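Read off the chains here:
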Amino acid sequence: MAITIAIESPLQDDVRALVASLNEYLLKLTPPDFVFHLTVEQMAEPGVTVWIARDGGTAIGCGALKRHDSRIAEVKRMFTHEDYRGQGIGRRILGEILSAAADEGIEEVVLETGDRHHAAWAIYEKAGFNRCGPVLDYPDSEYSVFYHKQLAA
């Protein structure tokens, strides 16, 4: 079956379960004080758009765009279920996020990811993100890696 990606509410039971899997995965790699989650309720707030990848009716991946102001937005909650990794789903979700940000006139997209998330680094770097120092109000930490991508001047 073809994998689809669409904007959806995170307040669905299967999306909640997917986000719980993401949280569990992150806590295996990073100390709890340095994992900066958005809850599904925060993901449903105005200014946040969530994309869900599905195989048939099953939620298998997610990603979100959180707008901080008219100029800057942040990539959040990127995750692909382990059974589907390596198939380009994360890259496709990120493409949707970046396309939406560009269409809105967002000038810069930033993100924070973990120091042990090598697969995520590859996706971001292939999409044109560059490493940088701490972004937004994130603390400088050995557990975080920061990226930014300029979309418009």
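Keep in mind that this is a model prediction, so the values were computed, not measured.

A look at the sheet that holds strand S7 (residues 144-150)
Pairing between sheet strands relies on hydrogen bonds along the backbone, with the strands arranged either parallel or antiparallel.
Thinking step 1. Spatially, the 7 strands line up as an open sheet ordered S1-S2-S3-S4-S5-S7-S6, and their pairing is mixed. Of all the strands in the sheet, just strand S1 (3-7) and strand S6 (130-132) have a single pairing partner and so form its edges. For this sheet the average axis-to-axis angle between neighbouring strands, irrespective of direction, equals 25°.
Thinking step 2. Strand direction decides the pairing type here: S1 and strand S2 (residues 48-55), joined by 5 bridges, are antiparallel. Paired with Thr4 across the two strands is Arg54, which belongs to S2.
Thinking step 3. The strands touched by helix H1 (residues 13-29) within the sheet are S2, strand S3 (58-67) and strand S4 (72-80), with S4 carrying the most contacts at an inclination of about 90°.
Thinking step 4. Running at roughly 165° to strand S5 (residues 108-114), helix H4 (residues 118-126) makes contact with S4, S5, S6 and S7 of the sheet.

Some remarks on the packing of aromatic side chains
Thinking step 1. Taken as a whole and judged by the stated rule, the model has 6 aromatic pairs.
Thinking step 2. Both rings, one in Phe36 and one in Tyr138, keep their centres 5.1 Å apart while their planes meet at 75°; by these two values the pair is edge-to-face. Here Tyr138 lies in the loop between S6 and S7 and Phe36 lies in the loop between H1 and helix H2 (40-43), a separation of 102 residues in the sequence.
Thinking step 3. Each ring, one from Tyr124 and one from Phe129, has its centre 5.8 Å from the other, and the planes form 65°; the classification is edge-to-face. For the pair formed by Tyr124 and Phe129, the shared burial category is buried.
Thinking step 4. Three or more aromatic residues joined by ring pairs form one cluster here, namely Phe36, Tyr138 and Phe146.
Thinking step 5. A cation sits over an aromatic face here: Arg85 above Tyr25, 4.7 Å from the ring centre.

A look at H1
Thinking step 1. Taking 1.5 Å of rise per residue, 17 residues should cover 24 Å, and H1 covers 25 Å from first to last C-alpha, within 8% of that figure.
Thinking step 2. Burial in H1 covers these residues: Val15, Leu18, Val19, Leu22, Leu26 and Leu29. Looking down the long axis of H1, one finds its buried residues gathered within 95° of arc, a one-sided arrangement. Opposite the buried face of H1, at more than 90 degrees from it, the exposed residues are Asp13, Glu24 and Lys28.

A short note on the pattern of salt bridges
Thinking step 1. Tallied over the entire structure, the rule returns 8 salt bridges.
Thinking step 2. Close ionic contact of Arg67 with Glu104 constitutes a salt bridge, the shortest N to O distance being 2.7 Å. Note that Arg67 is positioned in strand S3 and Glu104 in the loop between helix H3 (89-103) and S5, a separation of 37 residues in sequence.
Thinking step 3. Owing to a relative accessible area of 42%, Glu104 belongs among the partly exposed residues under this scheme.
Thinking step 4. For Glu74, the salt bridge is made with Lys76, and the minimal N-O distance between the two is 3.9 Å.
Thinking step 5. For Glu74, a relative accessible area of 2% puts it in the buried group.
Thinking step 6. Connected through shared salt-bridge partners, Glu8, Asp14 and Arg54 make up one network.

Each value, and the rule that gives it
Note that residues are indexed from 1 along each chain, following the sequence as it is written. Confidence filtering applies because this is a predicted model: local features only for residues at pLDDT of at least 70, side-chain atom pairs given and counted only at 80 or more, and all residues used for totals across whole chains, interfaces and linings. Hydrogens and waters are ignored; side-chain quantities use all the structure's heavy atoms. Any two strands are treated as partners once DSSP identifies two or more bridges connecting them. Helical segments are the DSSP runs of H or I of at least four residues, strand segments are the runs of E of at least two, and each set is numbered from the N terminus. An axis is simply a line fitted to the C-alpha atoms; with a helix, the fit covers only the stretch in contact. Between two such axes, the angle follows the N-to-C directions and lies from 0 to 180 degrees. It only takes one pair of heavy atoms within 4.5 Å for two residues to be counted as in contact. Pairing of aromatic side chains here covers Phe, Tyr and the six-membered ring of Trp, requires ring centres within 6.5 Å, and sorts the geometry by plane angle: under 30 degrees stacked, over 60 edge-to-face, intermediate tilted. Think of it in three bands: residues with accessible area under 20% of the maximum for their type are buried, residues over 50% are exposed, and the middle band is partly exposed, with areas taken using a 1.4 Å probe on protein chains only. By definition, being over a ring means that NZ of Lys or CZ of Arg is both within 6 Å of the ring centre and within 35 degrees of the ring normal. Multiplying 1.5 Å by the residue count of a helix minus one yields the expected span of that helix. Working note: the arc is built from the helix axis to C-beta atom directions. Every case where a carboxyl oxygen of Asp or Glu lies within 4 Å of a side-chain nitrogen of Lys or Arg is listed as a salt bridge.

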